[in-house]
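# Examining the three-dimensional arrangement
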4 protein chains.
Amino acid sequence: MSFTYNRTIHFQDTDAAGVIYFANVLSMCHEAYEESLGIAGINLKTFFSNSSTAIPIVHTSADFFAPMFCGDKLSINLIPQQLSETKFEIVYEIVADSSSQQILAKAMTRHVCINPITRTRTPFPDAIVQWLGRV
Amino acid sequence: MSFTYNRTIHFQDTDAAGVIYFANVLSMCHEAYEESLGIAGINLKTFFSNSSTAIPIVHTSADFFAPMFCGDKLSINLIPQQLSETKFEIVYEIVADSSSQQILAKAMTRHVCINPITRTRTPFPDAIVQWLGRV
Amino acid sequence: MSFTYNRTIHFQDTDAAGVIYFANVLSMCHEAYEESLGIAGINLKTFFSNSSTAIPIVHTSADFFAPMFCGDKLSINLIPQQLSETKFEIVYEIVADSSSQQILAKAMTRHVCINPITRTRTPFPDAIVQWLGRV
Amino acid sequence: MSFTYNRTIHFQDTDAAGVIYFANVLSMCHEAYEESLGIAGINLKTFFSNSSTAIPIVHTSADFFAPMFCGDKLSINLIPQQLSETKFEIVYEIVADSSSQQILAKAMTRHVCINPITRTRTPFPDAIVQWLGRV
C-alpha cells in the first residue's frame, strides 16, 4: 500500500542554481511522512517531542534524476515497510503531476524506535504499528 | 480583498524550543504569496528567476503573539496593497484553523520592482498589476 | 558596545533569484546572537530548550539594501539593548568584509522573558543580565 | 588527503525533538564542500550559478550515529574522490570537537559534471580537477 502527498516547490526550496536544493528533497519527503501520520490520527506535536519513545532517522539516501523548479507541482508516493519490532523504512518516489511517468527523485529513510532517555531500542508504540499496517 | 493559504506546521519548521523558528514564519508567508501568484496564472519559475524584472523584498517585519507547534493547521490571510508604480506591500495574518478568532502572528513584506541588471526602479509587469487588482 | 560575527553566504541560503533568501538574513542574525551568548559562557543547549525560562522573539524587522551572493564574506554587528526587566532588543548591521562602509542589510529582534509553562513575564536570568551588560 | 570544516550547531538546525533535523546534517556537509572550494580559489557565486558547466548532486546518503544538540562544536572531515572524467564522490565524517574519537554521523554526495543546457555529461573544468588533486 502507499500514501500520496502533493507538494509545490517553494521559492525557499530552491538555490542559486535555479532548482531545488538537494537536502530539501529529503525535507519534502519528511513532510509526506508527517502528513501520513497526521491522517492516521497521530498527534504530531506529541509524537515529535519524544515524550516516551523517539523514532529517529538512522539512515537516509536519495537519488536525483531530474531538476525540480520553483512552482513545479509534485506527488510524493510514500511506501513504508516494517523491518523488525523496532525498525521501519520508508521509500519515497517523487513524480511531476504533469508527467507522472517520470520519477524525478527517489529517497528512503530508516527509522528505529528508542527510549529517548536511555537511547536503547524499544518496540514501536501501537499507533505506529497500526500506521505501518494501514498505509 | 484577500487570499487565504492553508498550511500545516512541519517538523522542519520547528526548533529545539518545540515551536516554529521565528524566521520560518516569514517563509510560510512567502509561500502564501507564491500560491496567490500561481493561482493568478503567473509562472513562478520564470517570475522568480529575474529575467527582465525582479521584485525583491526591501523590508519585512513580523509580530509573534502565540507559539505554533508541529502539526498545527493554520490559515494565512494575505492582503496586498499597491503603494506606487514600483512598490507594493503585503500584510499576512496567521490564525489557527481550530480557533480563527485569535491571530497567532502578523507579518508584512514590502517589494519594489527593479531592472535586475541596472538595479534601478521599473514599473511592475502587467501580470503583477492585474494580480494586485484582483487579490 | 557590540559583538561581530563573521559569516559566509552558503549555497543553501540562496534562492533561484541567485541571492540570499530574505528570511535567511534573519537566521544569520540569530546565529550571531547564539555565538555571542556562547562566548559569554551560556550553554546553548540548555538555554534554548526552555527549561525554567524562555526568551522568545516577539517582534522582528529587516531592511535589505543590497543583494548578497553565495560565497560573500560578511560581518554581522550585533548591538543588544535592555528595554526593561523582561525585554531586550538586538540591532544587527550586516556589512561585506570587502567594503565595510556599505550596510547590506539591517535587522532587529525583540525578545521577552517568560515562564514557558504559564507564558507570563518573568525577569531575565542572571546570565542574560550579565550578557546584556557586557556585549 | 582531506579537509576539515568547523561548525557549531545553530538553533535553526534543530527541531522540536531537540536535536539537529536529519536533512540539515547534509546541508552542513555541503557547507564543508563550499568552504573547501572557496579555499582552493574557486569563485562560489560563479561556480554555483551554472554558467558553462553544472555539477549537480545525483546521489546522497547519510548515517546518523548520535544526536547533535544546539551549540555543539563539530568538525566535518571531507574526503573527495574522483570516479571518472565526469563524476566524483565526497565522503564526510562528523565528529564532536570534545570527543573526536566518536563519529556522530557519516555522509556522502556523488556529483556529475554536465552542460546545464543540454544536461549531457561534460568533463570537469580545470579548477575542479585541481581541487580534486589537492584536497
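Residues numbered from 1 in each chain as written. Chains lettered and ligands numbered in written order. Predicted model: local features only at pLDDT ≥ 70, side-chain atom pairs only at ≥ 80, totals over all residues. Heavy atoms only, no water.

### A closer look at the UniProt feature "active site" (unreviewed entry) in chain A
Heads up, the condition is: UniProt positions are given in the numbering used here, feature names are shortened, and annotations may be inferred rather than shown by experiment. Under the scheme used here, helices are H or I runs from DSSP no shorter than 4 residues and strands are E runs no shorter than 2 residues, and both carry numbers assigned from the N terminus. The buried label applies to any residue whose accessible area, calculated with a 1.4 Å probe on protein chains only, is under 20% of its type's maximum; exposed applies above 50%, and partly exposed to all values in between. The criterion used for residue contact is that any of the two residues' heavy atoms lie within 4.5 Å. We call two N or O atoms a polar contact when they sit within 3.5 Å, provided that within protein one can donate a hydrogen and the other can accept it, with sequence-adjacent residues counted only if both atoms are side-chain atoms.
Under the UniProt annotation, "active site" (unreviewed entry) lies at Asp15 of chain A. Here Asp15 of chain A lies in the loop between strand 1 (3–8) and helix 1 (22–39). Assessed through its relative accessible area of 3%, Asp15 of chain A is described here as buried. Excluding its chain neighbours within four sequence positions, the residues that come into contact with Asp15 of chain A are Ile20 and Tyr21 of chain A together with Phe11, Thr14, Asp15 and Ala16 of chain C. Reaching out from Asp15 of chain A, the side chain makes a polar contact with the backbone nitrogen of Ala17 of chain A at a distance of 2.9 Å.

### Some remarks on the relation of the copies chain A and chain D
What counts here: When the copies are superposed, the least-squares fit draws on C-alpha atoms of residues that have pLDDT of at least 70 in both.
Of the transformation superimposing chain A on chain D, the axial component is 0.0 Å and the angular component is 180 degrees, with the fit at an RMSD of 0.0 Å. Such a combination of turn and shift is consistent with a two-fold rotation axis. Relative to the rotation axis, the C-alpha of Ser61 of chain A is the closest in chain A, positioned 2.0 Å from it. In this assembly the copies share their binding face: 100% of the residues contributing to the interface of chain A also contribute to that of chain D.

### Structural notes on the pattern of salt bridges
When charged atoms on two side chains of opposite charge get close, those side chains can pair. All names here are of chain D. The test is simple: A pairing counts as a salt bridge when a side-chain nitrogen of Lys or Arg comes within 4 Å of a carboxyl oxygen of Asp or Glu.
In the structure shown here, the tally under the stated rule is 16 salt bridges over all chains. Linking Arg110 and Glu89 is a salt bridge whose minimum nitrogen-to-oxygen distance equals 3.0 Å. Pair noted here: Arg110 is in strand 5 (residues 99–112) and Glu89 is in strand 4 (residues 87–96), with a separation of 21 residues, a long-range link. In this structure, Lys106 and Glu93 form a salt bridge, with 3.8 Å as the shortest nitrogen-oxygen distance. Here the residue Lys106 occupies a position in strand 5, and Glu93 occupies one in strand 4, the gap between them amounting to 13 residues. Residue Lys106 is classed as partly exposed on the basis of its relative accessible area, which comes to 35%. Classification of Glu93 by relative accessible area gives partly exposed; the value is 21%.

### Structural notes on the relation of the copies chain B and chain A
Of the two same-sequence chains, chain B is brought onto chain A (RMSD 0.0 Å, axial shift 0.0 Å) by a rotation of 180 degrees. When the interface residues of chain B are mapped onto chain A, 100% of them are again interface residues, pointing to one common binding face.

### Remarks on empty space enclosed by the protein
Heads up, the rule is: Cavity: a set of points on a 1 Å grid over the protein atoms alone where a 1.4 Å probe fits but cannot get out. Pocket: an open set with protein on both sides within 12 Å along at least five of seven lines, its lining residues, like those of a cavity, having an atom within 4 Å of a point. Grid points are joined across faces, edges and corners, and a volume is the space filled by probe spheres set on the points. Each residue gets one of three labels, nonpolar for Ala, Val, Leu, Ile, Met, Phe, Trp, Tyr, Cys and Pro, charged for Asp, Glu, Lys and Arg, and polar for the others, Gly among them.
Under the definition given, this model contains 2 cavities of 30 Å³ or more. For the largest cavity, the calculated volume is near 550 Å³. The wall of the largest cavity is formed by 30 residues, among which Gln12 of chain A, Gln12 of chain B, Gln12 of chain C together with Gln12 and Asn24 of chain D lie closest to the centre. When grouped by side-chain class, the residues that make up the lining of the largest cavity number 2 nonpolar, 16 polar and 12 charged. Looking at the lining of the second largest cavity element by element, the count peaks at 3 residues for helix 1 of chain A. Taken together, the residues of the lining of the second largest cavity break down into 3 nonpolar, 2 polar and 3 charged.

### Focus: the packing of aromatic side chains
Under the convention used in this document: Two aromatic rings, drawn from Phe, Tyr or Trp (for Trp, its six-membered ring), form a pair once their centres lie within 6.5 Å of each other, and the interplanar angle then sorts them: stacked below 30 degrees, edge-to-face above 60, tilted otherwise. The rule is short: NZ of Lys or CZ of Arg within 6 Å of the ring centre and within 35 degrees of the ring normal puts a charge over the ring.
What the rule picks out here adds up to 40 aromatic pairs over all chains. Taking 5.2 Å as the distance between ring centres and 65 degrees as the angle between the ring planes, the aromatic pair formed by Tyr21 of chain D and Phe22 of chain D counts as edge-to-face. Where Tyr33 of chain D meets Phe48 of chain D, the ring centres are 6.3 Å apart and the plane angle is 85 degrees; that geometry is what we call edge-to-face. Of this pair, Tyr33 of chain D sits in helix 1 (residues 22–39) while Phe48 of chain D sits in the loop between helix 2 (44–47) and strand 2 (57–64); the two residues are 15 residues apart in sequence, bridging distant segments of the chain. The class of Tyr33 of chain D is buried, set by a relative accessible area of 1%. An aromatic cluster of at least three residues, connected via ring pairs, comprises Phe11 of chain A, Tyr33, Phe47, Phe48, Phe88, Phe124 and Trp131 of chain B together with Tyr21, Phe22 and Phe64 of chain C. Above the plane of the ring of Phe69 of chain D lies Lys45 of chain C, whose end atom (NZ or CZ) is 3.7 Å from the centre.

### Let's talk about the interface of chain B and chain A
Applied cut-off: Accessible surface is computed with a 1.4 Å probe, and the buried area is the amount of it that two parts give up when combined, taken over both parts together.
At the junction of the two partners, chain B supplies 15 residues and chain A supplies 15 residues. Surface buried jointly by chain B and chain A totals about 1400 Å² across both partners, of which 61% is contributed by carbon and sulfur atoms. Summed over the three residues of chain B that lose the most area to chain A, namely His10, Phe11 and Lys45 of chain B, the buried surface amounts to 33% of that side. Linking chain B with chain A are 0 salt bridges.

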